[in-house]
Amino acid sequence: MNEDQIIAYLNENDIKKIKFAFADIDGVLRGKVIHYKKFVDGLKQGYGFCDVVFGWDSNDSCYDNVQLTGWHTGYPDRPCRIDLSTFRTIPWNENIPFFIGDFGNPDGENLPACSRSLLKRIAGECEDMGYHPEFSQEFEWFNFRETPQSLQDKSFTNMETITPGMFGYSILRTSLEDGFYNDLFNLLLEYNVPLEGLHTETGPGVYEAAILHDHVLLAADKAVLFKTAVKEIAYKHGIMATFMAKWNADLPGCSGHIHQSLWSKDQSKNLFYSAADEYNMSDLHKHYLAGQLYCLPHILPMYAPTINSYKRLVEGAWAPTTITWGVDNRTTAFRVIHPSEAYTRLETRIPGADTNPYLAMAAALASGLYGIKNKLELNIPATNGNGYQDKRNGSLSANLFDAATIMKDSPIANELFGSAFVEHFSQTRLWEWKQFSKSVTDWELKRYFEII
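Everything quoted here is computed from the prediction, not taken from an experiment.

A.B. asks: Describe in detail the pairing of strand β14 (residues 345-348), supporting the description with residues and values.
C.D. replies: Here strand β11 (residues 258-264) pairs with β14 via 3 bridges, running antiparallel. What sits directly across from His-259, in β14, is Glu-347.

A.B. asks: Hey, could you go over the packing of helix α1 (residues 3-12) against helix α2 (residues 36-45) for me, with residue numbers and the actual values?
C.D. replies: Close contact between α1 and α2 brings their axes to 12 Å; oriented N to C, the two are set at 175 degrees. The angle between α1 and α2 places the two elements in the roughly antiparallel class. Residues Glu-3, Ile-6, Ile-7, Leu-10 and Asn-11 of α1 touch α2, and the partners they reach there are Tyr-36, Phe-39, Leu-43 and Lys-44. Among the residues making up the contact of α1 with α2, the classes are represented as 6 nonpolar, 1 polar and 2 charged.

A.B. asks: Could you give me a rundown of the nonpolar core, with the residues and numbers involved?
C.D. replies: With 106 residues, the main nonpolar core has Trp-141, Phe-226, Leu-262, Met-302, Phe-417 and Phe-421 as its most contacted residues. Listed in part, the 27 residues of the second largest apolar core include Ile-6, Phe-39, Phe-54 and Ile-82.

A.B. asks: Help me get a handle on α2, residues and values and all.
C.D. replies: Of all the residues in α2, the buried ones are Tyr-36, Phe-39, Gly-42 and Leu-43. Viewed end-on, α2 has its buried residues packed into an arc of 130 degrees, placing them on one side of the element. Pointing more than 90 degrees away from the buried face of α2 are the exposed residues Lys-37, Lys-44 and Gln-45. Looking at the buried side of α2, the elements it contacts are α1, β1 (17-23), β2 (29-35), β3 (47-50), β4 (77-90) and β5 (96-102). A positive backbone phi angle near 95 degrees is found at Gly-46, which sits one or two residues after α2.

A.B. asks: How would you sum up empty space enclosed by the protein? Please name residues and give values.
C.D. replies: What the rule picks out here adds up to 1 cavity of 30 Å³ or more. Here the largest cavity defines a volume of roughly 50 Å³. Contributing to the lining of the largest cavity are Thr-163, Pro-164, Gly-165, Phe-167, Arg-173, Thr-200, Glu-201, Gly-203, Gly-205, Val-206 and Tyr-207. Class assignment of the residues belonging to the lining of the largest cavity gives a composition of 4 nonpolar, 5 polar and 2 charged.

A.B. asks: Describe a nonpolar patch on the surface, naming the residues involved and giving the relevant values.
C.D. replies: Taken together, the side chains of Trp-443, Tyr-448, Ile-451 and Ile-452 present a nonpolar region at the surface, about 530 Å² in accessible area. As for its position among the elements, Trp-443 is in helix α13 (residues 442-448).

A.B. asks: Go over the sheet that holds β4 with me, naming the residues and quoting the values.
C.D. replies: Spatially, the 5 strands line up as an open sheet ordered β2-β1-β5-β4-β3, and their pairing is mixed. For this open sheet the edge positions go to β2 and β3, each flanked by a neighbour on one side alone. Across the sheet, the mean angle separating the axes of adjacent strands is 40 degrees when strand polarity is ignored. Pairing of β1 with β2 involves 7 bridges; the strand directions are antiparallel. Looking at β2, one finds that Phe-22 is bridged to Arg-30. α2 contacts β1, β2, β3, β4 and β5 of the sheet and is inclined by roughly 120 degrees relative to β2.

A.B. asks: Account for the pattern of salt bridges, with residues named and values stated.
C.D. replies: Across all of its chains, the model carries 27 salt bridges by this definition. Linking Asp-60 and Arg-30 is a salt bridge whose minimum nitrogen-to-oxygen distance equals 3.1 Å. Note that Asp-60 is positioned in the loop between β3 and β4 and Arg-30 in strand β2, a separation of 30 residues in sequence. The exposure class assigned to Asp-60 is partly exposed, which follows from its relative accessible area of 40%. For Arg-30, a relative accessible area of 14% gives the class buried. Residues participating in the shared-partner salt-bridge network are Asp-83, Asp-102, Arg-116, Lys-120 and Asp-221.

A.B. asks: Just give me the short version of the side chain of Asn-399, but keep the residues and values in it.
C.D. replies: Positionally, Asn-399 belongs in the loop between α9 (357-373) and α10 (400-408). One polar contact links the side chain of Asn-399 to the main-chain amide nitrogen of Phe-401, over a distance of 3.1 Å. A distance of 2.8 Å separates a polar atom in the side chain of Asn-399 from the backbone nitrogen of Asp-402.

Criteria and thresholds
- Residues numbered from 1 in each chain as written.
- Predicted model: local features only at pLDDT ≥ 70, side-chain atom pairs only at ≥ 80, totals over all residues.
- Heavy atoms only, no water.
- Pairing = 2+ DSSP bridges.
- Helix = DSSP H or I, 4+ residues; strand = E, 2+ residues; numbered from the N terminus.
- Axes fitted to C-alpha atoms, helices over the stretch in contact; angles between N-to-C directions.
- Parallel < 35°, antiparallel > 145°, perpendicular 65-115°, else oblique.
- Contact = heavy atoms within 4.5 Å.
- Nonpolar A, V, L, I, M, F, W, Y, C, P; charged D, E, K, R; others polar.
- Core = buried A, V, L, I, M, F, W, Y, C linked by side-chain atoms within 4.5 Å.
- Buried < 20%, exposed > 50% of the residue type's maximum accessible area, 1.4 Å probe, protein only.
- Arc of directions from axis to C-beta.
- 1 Å grid on protein atoms, 1.4 Å probe; cavity = no way out; pocket = protein on both sides within 12 Å on 5 of 7 lines; lining within 4 Å.
- Points joined across faces, edges and corners; volume = space filled by probe spheres on them.
- Patch = residues over 30% accessible without salt bridge, like charges linked within 9 Å, V, L, I, M, F, W, Y side chains within 5 Å.
- Areas by Shrake-Rupley, 256 points an atom, 1.4 Å probe, with all protein chains shown as cover.
- Salt bridge = Lys/Arg side-chain N within 4 Å of Asp/Glu carboxyl O.
- Polar contact = N/O pair within 3.5 Å; in protein donor to acceptor, adjacent residues only side chain to side chain.

Listed below in structure tokens is the structure:
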């Protein structure tokens, strides 16, 4: 729907309020509900939004180490612009009209901290090279019979999952919460975030969903909306959903794998496919994969952005620890999948469910295009067997501090994303490490309280 059609829809249905939101640096949706008049008035110039939303962390604590905004700037408003093509209604909330916004400017001078603007730029580069980027993200997450207040009262201990036991791919287990399960599939479809599949994963109360693939920007939009939508639908059923990468040391972590392929501009030909190759990989596919392998150590925080991310990236936990690739190998960082020409693709397995989808997809696409631009050879052999033991090309950084420090000083990261973004993003990750480093954990209390 274009602008005239949207305004006509609002008038015909006597709609007086509109909701819009944008993703902050962590991928958290921030936004508001506005009056119809404000919506119409802001379509050209945007809607002023305090830029503290890019100057604080996921707990609203202001950074003291970034230049983009802060006490030194006075936290001014920045114009957030609604993307009218993202129009949808929220079926579990009065069908209120909803739009995604970002801080991109018509003149191309985008706010460096705006992750959606960054992905739009990289997608544009891809299209200028003659390719259509087709992407999708899948998520695993745990569901609890809790409320925000109950978790506070219990200090996040003794949390009750919606079902007990390990029931991966169980048809039976979902029937215990079939109202919630059916609402997820049906309401997300109405919300224009259609799921390809939805099932239980191994672990108590854990689900997995794959979102239908789409152009990379639309795929990222849907992934961002999916995470918040799941939480809101869960609230309606007295359930809390978490997308933490690893909430319990004794249970599997939650992935956010990214599937991708490049197609001809008319989307008639999968450019990753070659019938002549042993693994049906075209030369373009190999250059793309080589770029991701080469760039991975320089941009790891875009795939693993939190302290908790690295608790998932451990041996034997269905998440990679080495810079490896394999053919249908779930122990490597990158998995080549080639069941048919239409579905030949690359799966980037490093991201967890805690990622900002805009940044994770930007990292995947930009590093793949880097390999194509520089015609990088895929000179790392495919891993057969256990990828955790294949350390020929190195291992992933073991914590956020190391990963963010490498990215901050990396000429590769600066080339891919620009120095302004790299400086801001890496500093926000180092801030996260600083907050963690000064906290006292329950592990320390249990280990040292009496004996030391």
